[in-house]
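# Structural description and commentary
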Amino acid sequence: MREVGNRNMEAREIEGLFPQNTRRLFFAGVSGMGMGPLAIIMKQAGYEVFGYDKEFAEGSRKWLEESGVILSEEPVLPAEAGVVIHSSALRREHPLLQAAEEKALPVFRRGEILAALSRTRKLIAVVGSHGKTTTTGLLVHYLEKVGFSFSYLMGALFQGRAKPPARFVPESEWLVAEVDESDGTIEDFYPEITLVLNMDWDHCDQYPAPEDLGETFRRLWDRTRSLVILPGDCSHCRDLAGSVPAEKIKFFGRQGDSGAWAKEDEKGDWELRGQWEDRPFKFPVPGGGRFNARNSLAVLAVAEELGLPLTVDAWTDFPGIRRRQELLLQSPEIWVVSDYAHHPGELAALWPWLRSLQRQAGLAELTVVFQSHRYTRTRQFGKEFARLLAGADKVYLLETYAASEPFSPGGGAGDLARELETLGTQAVVLGSVDAALEKLPEKPSAESLWAFVGAGDIEKLAEGMAARWGCSRRSPREVMPSPGMSAESLWRENEPLAPKTTLRVGGPARFYAEPAGKEDLARLLKWAYRQGCPVFPLGRGSNLVIPPEGFAGLVFRLNHENWRKIEFEEETGLIRVGAGARLRKVCGEACRKGWGGFEFLEGIPATLGGALRMNAGAMGGWVFDVVEKVAFLTLAGEEKALPRADLTYGYRHCRELAGAVALEAWLRPPAQEVSDKIRTKLQELMQKRTQSQPKEPSAGCIFKNPEGTSAGKLIDQSGLKGRSVGAAVVSPVHANFIVNRGGATSEEVIALVREVRQVVFQQQGVWLEPEVHLPGTTWEEVLKS
């Protein structure tokens, strides 16, 4: 082990930055992934911590609340705050920072506080233009595996709540953290060990030329007390290292640089090889890909210098990092990946991995949805971005994510699309995330790997599309064995679906099942997955129009009495509800029990399982408002149970259930009220629905409401109430309902949808978009025929 320096006890303690006896810190922009972990570690270090953000991601909120950070979405400076710490994304004119200035409170950027904290410890600083977060996560995981004592801060969340994004260990003198160069606070750091991953030019607003960034890194190396670890394949790093004492430099990555190197086999898989204490070793690269091989070698170089043991299974259970090669959906027909890459160097590293993943999955196309980050970066590297994106089979572009920058000409999505056009690639500009959710297809037209890439809010789009496509599968093979369920379960072929839906139209399911319990459901899902059979879970059958040809796959329904149980657990105060229970039944049982807060469920025509999958809502309430815990089965047959805090849900989706089936849930009543009072509320809601909605069979509202108006109003103003095609009729009661007057067919419903859209467009100038689902196809495909 190389001798490292003693802890610098003469360095200014962090309290020296603050007024005497100030222990109350206010974090403005606390939900940001740079800010949240710092708030957590300061709380663990004994400070009282408050935090504001205009919006909290569920994952970050959970960790902050569990750490005891007091959160608010109101931009009000707490009276007790003694110090304000803010994200670099907040400008000085922000009302909170203005309020702090008026009160003469000390105001610091996030990097300044982290630098001060790091001076009280031996800092292992992970630096570079990209790759810092994944490498820091790999390092944290390795050090924990070998029993090394240290504190750490991450720049993102681990996947699946495997471990917190920050941890403070008072008795340890070591701190692991990634150090950001983007805002200039890197000049305040004095690491014990600096691990450099790359030096690609970036942040051209801060560093006008590549040499400026290089000099910033070189000054950091000068301030590093013991060791600078550099990538051996970085010629610029080697050139700058010439001015640093040789005994302070160590290289990694190439055979001969250190005791470990990486090698690609004939299949394109990467593995780590080397000598450790004169013993050869060989093991797979965590996550795969050349860039992860390089990141892993960087970690091993640190471990080697610290004199730590080699453990070949260090990363076998590495959970991965959110938004870094994160696989959101995996099925025979479509895979969805989310990645944070937002620099040309990152895209260049990501591309071979995406193509390898595409080959591994046997998918025909690579489709990339890209969101550039900051106008200055997009303008500076537009040609490089275009050259790399042109390597995809299809390209979609979200509007540039501005972060804290004002608009800058030449840095928008349209500019990037024009660069792509010069290379012969036609990119589709989607606009905002909300607009993209409307424009992207209900069902992909080809078997494809979809990569959602960027550092802005594109994650919301990735999760939304993964939820939308979660039931997509290949067509089944001609001959398939039965799934082998128990005698209690129902199994049929060519089963009519029309009687099982609220509109009562459509063709049959190729296969239909009603599994009696969890074991049979697991067998069914494993069977469908092995056969590449499309799967569609059916609840009450509302919000659906079954196509005339039916569904060429497996439709299953949790209709056995085992799935419809409703149990009141007096000792826990929870209601345990099976996934097949109707929400209206749950509402009624809760009313009789005097458990209030469930009244909004009465207006949702669904079973609990379907409602959980899409986070259904009505009358201002959402299903996850009352959920405590959900048990579910993955499509691979693995059973899991997660509390609400561990689930990622939002408008019309729950990410964990996109590729899984809910089994049951535990619901917590928001209030306890007198049954008569609850019953009165229910009667009012039922009366309102009865007066405003038709009694005939329908699928619910057919069209989405355009912005600023309602579809029903536009249809009514176009004189279409009562318009019919066969027995399919636009309801005279509510114009956004198409009802079945008796004997209607799917063809008639679809023809009426087409006619209503055409007339409304001619008279109102608005194209209405259907809201109900067409299992096995899309409205885009149906309406163009």
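Our subject is the structure listed above.
Below: a short report on this structure. What you are looking at is a predicted structure, and each value in this text was computed from that prediction instead of being measured. (Residues numbered from 1 in each chain as written. Predicted model: local features only at pLDDT ≥ 70, side-chain atom pairs only at ≥ 80, totals over all residues. Heavy atoms only, no water.)

### Here's the deal with the overall build of the protein chain
So the rule is basically this: Put simply, DSSP H or I for four residues or longer makes a helix, DSSP E for two residues or longer makes a strand, and each gets a number counted from the N terminus. Relative accessibility decides the category of a residue: with a 1.4 Å probe and only protein chains considered, values under 20% of the type maximum give buried, values over 50% give exposed, and everything between is partly exposed. Any pair of residues with heavy atoms lying within 4.5 Å of one another is described as a contacting pair. The protein chains shown are the only cover counted for residues, whose accessible areas, like all others here, come from Shrake-Rupley with a 1.4 Å probe.
A count of helical and extended segments in the protein chain gives 21 helices and 40 strands. Going through the 785 residues of the protein chain one by one, you find that 58% of them count as buried. Long-range contacts, defined here as pairs at least 24 residues apart, represent 67% of the contacts in the protein chain between residues at least 6 apart. As displayed, the protein chain has an accessible area near 32,500 Å², and 47% of this comes from carbon and sulfur atoms.

### Concerning helix H10 (residues 375-389)
Using the following cut-off: Residue count minus one, scaled by 1.5 Å, sets the expected span of a helix. Note on bend: the value at a residue is the angle between axes fitted to the seven residues ending there and to the seven starting there.
Under the 1.5 Å per step criterion, the end-to-end length of H10 is only 17 Å for 15 residues, more than 12% shorter than the ideal 21 Å. Taking the largest bend as the criterion, H10 deviates by roughly 75°, centred on phenylalanine 381. Residues Tyr375, Thr376, Arg377, Thr378, Phe381, Gly382, Phe385, Ala386, Leu388 and Leu389 constitute the buried set of H10. Buried residues in H10 make contact with helix H9 (344-361), strand S18 (365-371), strand S19 (394-398) and helix H11 (413-422).

### Notes on the sheet that holds strand S16 (residues 326-330)
Let me state the cut-off plainly: Strand pairing is assigned whenever DSSP detects at least two bridges linking the two strands. Each axis is a line fitted through C-alpha atoms, taken for helices only over the stretch in contact, and angles between the N-to-C directions span 0 to 180 degrees.
The strand order S16-S17-S21-S18-S19-S20 describes an open sheet built from six strands, whose pairing is mixed. The open sheet has two edge strands, S16 and strand S20 (428-431), and neither has a second partner. When strand polarity is set aside, the average angle formed by the axes of neighbouring strands in this sheet is 20°. By the bridge criterion, seven bridges tie S18 to strand S21 (residues 448-454) in an arrangement that is parallel.

### Let's talk about the sheet that holds strand S7 (residues 151-153)
With respect to topology, seven strands assemble into an open sheet ordered S8-S7-S9-S6-S10-S11-S12, the strand pairing being mixed. Each end of this open sheet is capped by a strand with a single partner; those strands are strand S8 (166-167) and strand S12 (249-252). Strands strand S6 (122-127), strand S10 (193-196) and strand S11 (227-231) of the sheet are contacted by helix H6 (residues 210-223), whose axis makes an angle of about 150° with S10. Relative to S12, helix H8 (residues 290-305) is tilted by about 140°, and along the sheet it contacts S6, S10, S11 and S12.

### Describing the nonpolar core
For the record, the criterion: To define a nonpolar core, start from buried Ala, Val, Leu, Ile, Met, Phe, Trp, Tyr and Cys residues and group those joined through side-chain atoms within 4.5 Å.
In terms of nonpolar packing, the biggest core is built from 84 residues, with Phe27, Met42, Trp221 and Leu397 touching the most fellow members. Looking at which element gives the most residues to this core, the answer is H9, with seven residues. Ignoring sequence-local partners within four residues, the contact set of phenylalanine 27 consists of Met35, Leu38, Ala39, Met42, Val49, Phe50, Gly51, Tyr52 and Ile85. In this structure, Leu574, Ala579, Leu612 and Phe624 belong to the second largest nonpolar core, which totals 52 residues.

### Focus on the packing of aromatic side chains
Using the following cut-off: Only Phe, Tyr and Trp rings are paired, with Trp represented by its six-membered ring, and only when their centres lie within 6.5 Å; those with planes under 30 degrees apart are stacked, over 60 edge-to-face, the remainder tilted. Geometrically, a lysine NZ or arginine CZ counts as sitting over a ring once it is within 6 Å of the ring centre and also within 35 degrees of the ring normal.
Evaluated as defined, the whole model comprises 15 aromatic pairs. For the ring pair tryptophan 491 and phenylalanine 511, a centre distance of 5.5 Å and an interplane angle of 15° mean the geometry is stacked. Taken together, the residues tryptophan 491 in strand S22 (residues 490-496) and phenylalanine 511 in strand S23 (residues 508-514) connect sequence positions 20 residues apart. Its relative accessible area of 2% is what places phenylalanine 511 among the buried residues. A network of ring pairs unites the aromatic residues Phe148, Phe150, Tyr152 and Trp174 as a single cluster. The side chain of arginine 23 reaches across the aromatic face of tyrosine 47, ending 3.9 Å from its centre.

### Re the packing of H9 against H10
The description of two packed helices rests on the angle between their axes and on the distance between the axes. What counts, and what does not: Geometric relationships in this document are graded by angle, where less than 35 degrees denotes roughly parallel, more than 145 denotes roughly antiparallel, 65 to 115 denotes roughly perpendicular, and other angles denote oblique.
Following both chains from N to C, one finds H9 and H10 inclined at 10°, their axes separated by 10 Å at the closest point. It follows from the interaxial angle that H9 and H10 lie roughly parallel. Across from Pro344, Leu347, Ala348 and Trp351 in H9, the residues of H10 making contact are Phe381, Glu384, Phe385, Leu388 and Leu389.

### Examining the pattern of salt bridges
Pairing of side chains with opposite charge becomes possible as their charged atoms draw close. Heads up, the condition is: In what follows, salt bridge is the name for a side-chain nitrogen of Lys or Arg lying within 4 Å of a carboxyl oxygen of Asp or Glu.
Counted by the stated rule, this structure contains 38 salt bridges. Here aspartate 393 ties to arginine 355 by a salt bridge, and the two come within 3.2 Å at their closest N and O atoms. One end of the pair, aspartate 393, is in the loop between H10 and S19; the other, arginine 355, is in helix H9, and 38 residues separate them in sequence. In this structure, arginine 492 engages glutamate 495 in a salt bridge whose closest nitrogen and oxygen atoms are separated by 2.9 Å. On the basis of relative accessible area, glutamate 495 is assigned to the buried category, the value being 9%. Via salt bridges that share partners, Arg322, Arg323, Glu326, Glu459, Glu463 and Arg655 belong to a single interconnected network.

### Quick notes on helix H15 (residues 583-593)
Inspection of H15 places Leu583, Val586, Cys587, Gly588, Ala590 and Cys591 among the buried residues, and these make up the whole buried set. At the exit of H15 stands glycine 594, carrying a positive phi of roughly 80°.

### A few points about the pairing of S20
Sheet topology note: the S19/S20 ladder contains three bridges and is parallel. Residue leucine 397 lies in a different strand from S20, and its bridge partner there is valine 429.

### Regarding the pairing of S18
Heads up, the rule is: Crossovers are marked right-handed if the path from the first strand over the helix to the second runs clockwise, as seen with the strands pointing away from the viewer.
The buried fraction of S18 amounts to seven of the seven residues, a majority that puts the element mostly inside the structure. With four bridges connecting them, S18 and S19 associate as parallel partners. Across the sheet, the residue bridging to threonine 367 is lysine 394, located in S19. As a crossover connection, the stretch from S18 through H10 into S19 is right-handed.

### Comments concerning the environment of glycine 597
Note on placement: glycine 597 falls in the loop between strand S28 (595-596) and helix H16 (608-614). Along the sequence, glycine 597 and proline 669 sit 72 residues apart, while their C-alpha atoms lie 5.8 Å from each other. Among residues more than four places away in sequence, those in contact with glycine 597 are Val626 and Pro670.

### Re unusual backbone geometry
Unlike most non-glycine residues, arginine 323 shows phi in positive territory, near 65°. When you line up the elements, arginine 323 lands in the loop between H8 and S16. Of note, the phi angle at glutamine 325 is positive, near 50°, even though the residue is not glycine. Along the chain, glutamine 325 turns up in the loop between H8 and S16. You can call glutamine 325 buried: its relative accessible area is 13%.

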